[in-house]
Amino acid sequence: MKKIALNIIVNQLLILLFVLIFYKKLTILDYINVSFYIGASYLFIGILVLILQSGFFDFFSTSMKKVLYRKHIQSEITTMRPPSEVVTMKASFFFRSGMPIILFMLVALFFYSA
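Residues numbered from 1 in each chain as written. Predicted model: local features only at pLDDT ≥ 70, side-chain atom pairs only at ≥ 80, totals over all residues. Heavy atoms only, no water.

Focus: the nonpolar core
Part 1 of the reasoning: Judged by nonpolar contacts, the single largest core of 16 residues is most densely connected at Ile-15, Val-34, Ile-38, Tyr-42, Val-49 and Ile-101.
Part 2 of the reasoning: Breaking this core down by element, the ones donating at least two residues are α1 (2-23), α2 (28-53) and α6 (91-113).
Part 3 of the reasoning: Of all the elements, α2 adds the most residues to this core, at 7 residues.
Part 4 of the reasoning: When sequence neighbours within four positions are dropped, the list of residues in contact with Val-49 reads Val-87, Met-89, Ala-91 and Phe-94. (Core = buried A, V, L, I, M, F, W, Y, C linked by side-chain atoms within 4.5 Å. Buried < 20%, exposed > 50% of the residue type's maximum accessible area, 1.4 Å probe, protein only. Helix = DSSP H or I, 4+ residues; strand = E, 2+ residues; numbered from the N terminus. Contact = heavy atoms within 4.5 Å.)

Now the structure itself:
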């Protein structure tokens with residue numbers, strides 16, 4: 001629980017820092033914009049990692065290597081690791097970082113629209 005709270009605090013401070021750097025003022029609309037970009041980036045990376053780890057691109061990657069590489073390198077292609085084995089990151093980190101940011105952004109958007 002401490003790690004999650006620390007992660008949320010660090011991400012919110014990062015968002016506030018980006019708001020001050022890019023917009024030079026702190027408004028709720030600027031906070032919503034920056035938090036959307038950062039939260040969506042976390043979620044996009046998490047989804048990308050999840051798809052790569054599922055093995056979805058393994059067959060495509062192997063097929064493209066067979067087509068594009070020369071004949072004498074074909075034996076080395078079978079020893080190459082597929083993308084699902086190369087990606088070792090945990091997608092849960094990105095989801096645990098991105099979801100609170102998006103939730104805070106939605107709360108700020110609710111107050112902005114009210």
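Quick notes on a nonpolar patch on the surface
Part 1 of the reasoning: A contiguous nonpolar surface patch, about 980 Å² in accessible area, is contributed by Ile-47, Ile-51, Phe-56, Phe-57, Phe-60, Met-64, Val-67, Leu-68, Tyr-69 and Met-80.
Part 2 of the reasoning: Among the secondary structure elements, those contributing two or more residues to the nonpolar patch are α2 and α3 (58-68).
Part 3 of the reasoning: The element that contributes the greatest number of residues to the nonpolar patch is α3, accounting for 4 residues.
Part 4 of the reasoning: Inspection of the secondary structure assignment puts Phe-60 in helix α3. (Patch = residues over 30% accessible without salt bridge, like charges linked within 9 Å, V, L, I, M, F, W, Y side chains within 5 Å. Areas by Shrake-Rupley, 256 points an atom, 1.4 Å probe, with all protein chains shown as cover. Salt bridge = Lys/Arg side-chain N within 4 Å of Asp/Glu carboxyl O.)

What to know about unusual backbone geometry
Part 1 of the reasoning: Positive phi is not limited to glycine here, since Lys-24 has a value of about 65 degrees.
Part 2 of the reasoning: Secondary-structure assignment places Lys-24 in the loop between α1 and α2.

Considering the side chain of Gln-12
Part 1 of the reasoning: Checked against the element boundaries, Gln-12 lands in helix α1.
Part 2 of the reasoning: Gln-12 has contacts with Tyr-31, Ile-101 and Phe-104, leaving out every residue within four places of it along the chain.

Examining the pattern of salt bridges
Part 1 of the reasoning: For the structure on display, the rule yields 1 salt bridge.
Part 2 of the reasoning: The closest approach of N and O atoms between Asp-30 and Lys-25, which form a salt bridge, is 3.6 Å.
Part 3 of the reasoning: Looking at Lys-25, the relative accessible area reads 45%, which means it is partly exposed.

As for the packing of α2 against α6
Part 1 of the reasoning: At a closest axis distance of 8 Å, the pairing of α2 and α6 adopts a crossing angle of 155 degrees. Considering the angle they form, α2 stands roughly antiparallel to α6. As α2 runs across α6, the sense of the crossing is left-handed. (Axes fitted to C-alpha atoms, helices over the stretch in contact; angles between N-to-C directions. Parallel < 35°, antiparallel > 145°, perpendicular 65-115°, else oblique. Left-handed = near helix turned anticlockwise from the far one by under 90°.)

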